[in-house]
Amino acid sequence: LAVGFGAQSLVKDVIAGFFIILETQFDVGDVVKGAGVQGTVERLNLRFTQLRDVQGEVHFIPNGEFRVVSNLTRGWSRAVVDIPVAYGTEVDTALMQLRAVAAELAEDPHFSELMIEPPEVLGVESLAESSVNIRTFLKARPGKQHDLAREFRKRVKERFEAQGIEIPFPQRSIRISYPDSDAAPKTAGAPK
């Protein structure tokens, strides 16, 4: 009985592996997310898939465990970069500076070869608690989206500092009111 259940699991893994390979859902070198793990495919056979995550941990996943697999590097990749600006910032000025940084990045020979299309500054994505978030898409060669996003963020920070555009941080305003003026705290030396 135990051998029968074990064989059933093995057959399930082999059949799933056969279809993964036949349909080329992913290959060695692809970055995939599935079975609760995300990483680079290092090995693939009929029975299991070996993934290495960004921490360097290696995961051996039976192919039958893949219900839904997301291939993050099939054909091209995209970095979605949200840049926060302070509420006091003129949004059109921030957009203009972001478009200038995007154009410079697209013209840089080292980074332009990583791109499939020029960066696209979409506009205001959200009004957050402490910031106005402006979204940019960077369409990149497979697996190169993180390199482009890091360089874009670095250049944006440098540009914003040079232009005096504030990248906000969480702030709180606290108001204390005293309905009864006699309950207000007295400051030493203040007139009574």
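The coordinates are above.
Here is what the cut-offs are and how they apply
Residues numbered from 1 in each chain as written. Predicted model: local features only at pLDDT ≥ 70, side-chain atom pairs only at ≥ 80, totals over all residues. Heavy atoms only, no water. 1 Å grid on protein atoms, 1.4 Å probe; cavity = no way out; pocket = protein on both sides within 12 Å on 5 of 7 lines; lining within 4 Å. Points joined across faces, edges and corners; volume = space filled by probe spheres on them. Helix = DSSP H or I, 4+ residues; strand = E, 2+ residues; numbered from the N terminus. Nonpolar A, V, L, I, M, F, W, Y, C, P; charged D, E, K, R; others polar. Pairing = 2+ DSSP bridges. Axes fitted to C-alpha atoms, helices over the stretch in contact; angles between N-to-C directions. Phe/Tyr/Trp six-rings, centres within 6.5 Å; stacked < 30°, edge-to-face > 60°. Buried < 20%, exposed > 50% of the residue type's maximum accessible area, 1.4 Å probe, protein only. Lys NZ or Arg CZ within 6 Å of the ring centre and 35° of its normal. Expected span 1.5 Å × (residues − 1). Contact = heavy atoms within 4.5 Å. Core = buried A, V, L, I, M, F, W, Y, C linked by side-chain atoms within 4.5 Å. Salt bridge = Lys/Arg side-chain N within 4 Å of Asp/Glu carboxyl O. Parallel < 35°, antiparallel > 145°, perpendicular 65-115°, else oblique. Left-handed = near helix turned anticlockwise from the far one by under 90°.

S.K.: Quick rundown of the layout of surface pockets? Include the residues and the values.
M.R.: As a volume, the largest pocket reaches approximately 220 Å³. Residue lining of the largest pocket: Val 31, Gln 38, Gly 39, Thr 40, Arg 52, Asp 53, Val 54, Leu 72, Thr 73, Gly 143, Gln 145 and His 146, and that is the complete set. Those elements giving two or more residues to the lining of the largest pocket turn out to be strand E2 (37-44) and helix H4 (145-163). For the lining of the largest pocket, the leading source of residues is E2, giving 3 residues. In terms of residue class, the lining of the largest pocket is built from 3 nonpolar, 7 polar and 2 charged.

S.K.: Report on the sheet that holds strand E7 (residues 120-127), specifying residues and quantitative values.
M.R.: What holds strands together in a sheet is hydrogen bonding between their backbones, with the strands either parallel or antiparallel. The strand order across the open sheet built from 3 strands is E6-E8-E7, with neighbouring strands paired in antiparallel fashion. Looking at the sheet topology across the chains shown, the edges are occupied by strand E6 (77-85) and E7. Direction aside, the axes of adjacent strands within the sheet are offset by 30° on average. Pairing of E7 with strand E8 (residues 132-140), which is carried by 6 bridges, proceeds in the antiparallel orientation. In the strand pairing of E8, Leu 127 is matched with Val 132.

S.K.: Outline the packing of aromatic side chains, listing residues and values.
M.R.: Going through the model one piece at a time under the given rule, you end up with 3 aromatic pairs. A ring pair is formed by Phe 18 and Phe 19, whose centres lie 5.4 Å apart and whose planes are at 75°; its orientation type is edge-to-face. Here Phe 19 falls in the partly exposed class, since its relative accessible area comes to 38%. For Arg 78, the ring lying beneath its charged end belongs to Phe 137, and the centroid distance is 4.2 Å. Lying over the aromatic face of Trp 76, Lys 139 brings its terminal NZ or CZ to 4.2 Å of the ring centre.

S.K.: Lay out H4 with the relevant residues and their values.
M.R.: If you check H4, its first and last C-alpha atoms are 26 Å apart, about what 19 residues at 1.5 Å a residue would give, namely 27 Å. Tucked into the core, H4 has its buried residues touching E6, helix H2 (91-107), helix H3 (109-112) and E8. Positioned one or two residues after H4, Gly 164 has a phi angle of 75°, which is positive.

S.K.: So what's going on with the nonpolar core? Which residues, and what values?
M.R.: Formed by 24 residues in total, the largest nonpolar core has its most connected members in Leu 98, Leu 138, Leu 148 and Phe 152. Taken together, the elements giving at least two residues each to this core come down to E6, H2, E8 and H4. Counting residues per element, this core draws most heavily on H2, at 6 residues. In this structure, Val 41, Leu 51, Ile 61 and Phe 66 belong to the second largest nonpolar core, which totals 8 residues.

S.K.: Explain the pattern of salt bridges to me, and be specific about the residues and the numbers.
M.R.: On inspection of all chains with the given rule, the structure shows 11 salt bridges. Of the charged contacts in the structure, one is a salt bridge between Asp 82 and Arg 135, with a shortest N-O distance of 2.7 Å. On the criterion of sequence distance, the pair formed by Asp 82 in strand E6 and Arg 135 in strand E8 is long-range, its members being 53 residues apart. Asp 82 sits in the partly exposed class, given a relative accessible area of 34%. Put simply, Glu 161 and Lys 157 hold a salt bridge, and the shortest N to O gap is 2.0 Å. In this pair, Glu 161 and Lys 157 are both assigned in helix H4, 4 residues apart and thus about one turn of the helix distant. Bridged by salt links that share partners, the residues Asp 82, Glu 125 and Arg 135 form one connected network.

S.K.: Tell me about the packing of H2 against H4, and please be specific about residues and values.
M.R.: The geometry of a pair of packed helices is captured by two quantities: the angle between their axes and the separation between those axes. For the pair H2 and H4, interaxial distance at closest approach is 10 Å and the crossing angle is 135°. It follows from the interaxial angle that H2 and H4 lie oblique. As for the relative orientation of H2 and H4, their crossing is right-handed in sense. For the pair H2 and H4, the contacting residues are Ala 94, Gln 97, Leu 98, Ala 100, Val 101, Ala 102, Glu 104 and Leu 105 in the first and Leu 148, Glu 151, Phe 152, Arg 155, Val 156, Arg 159, Phe 160 and Gln 163 in the second. Its residues assigned to classes, the contact of H2 with H4 shows 10 nonpolar, 2 polar and 4 charged.

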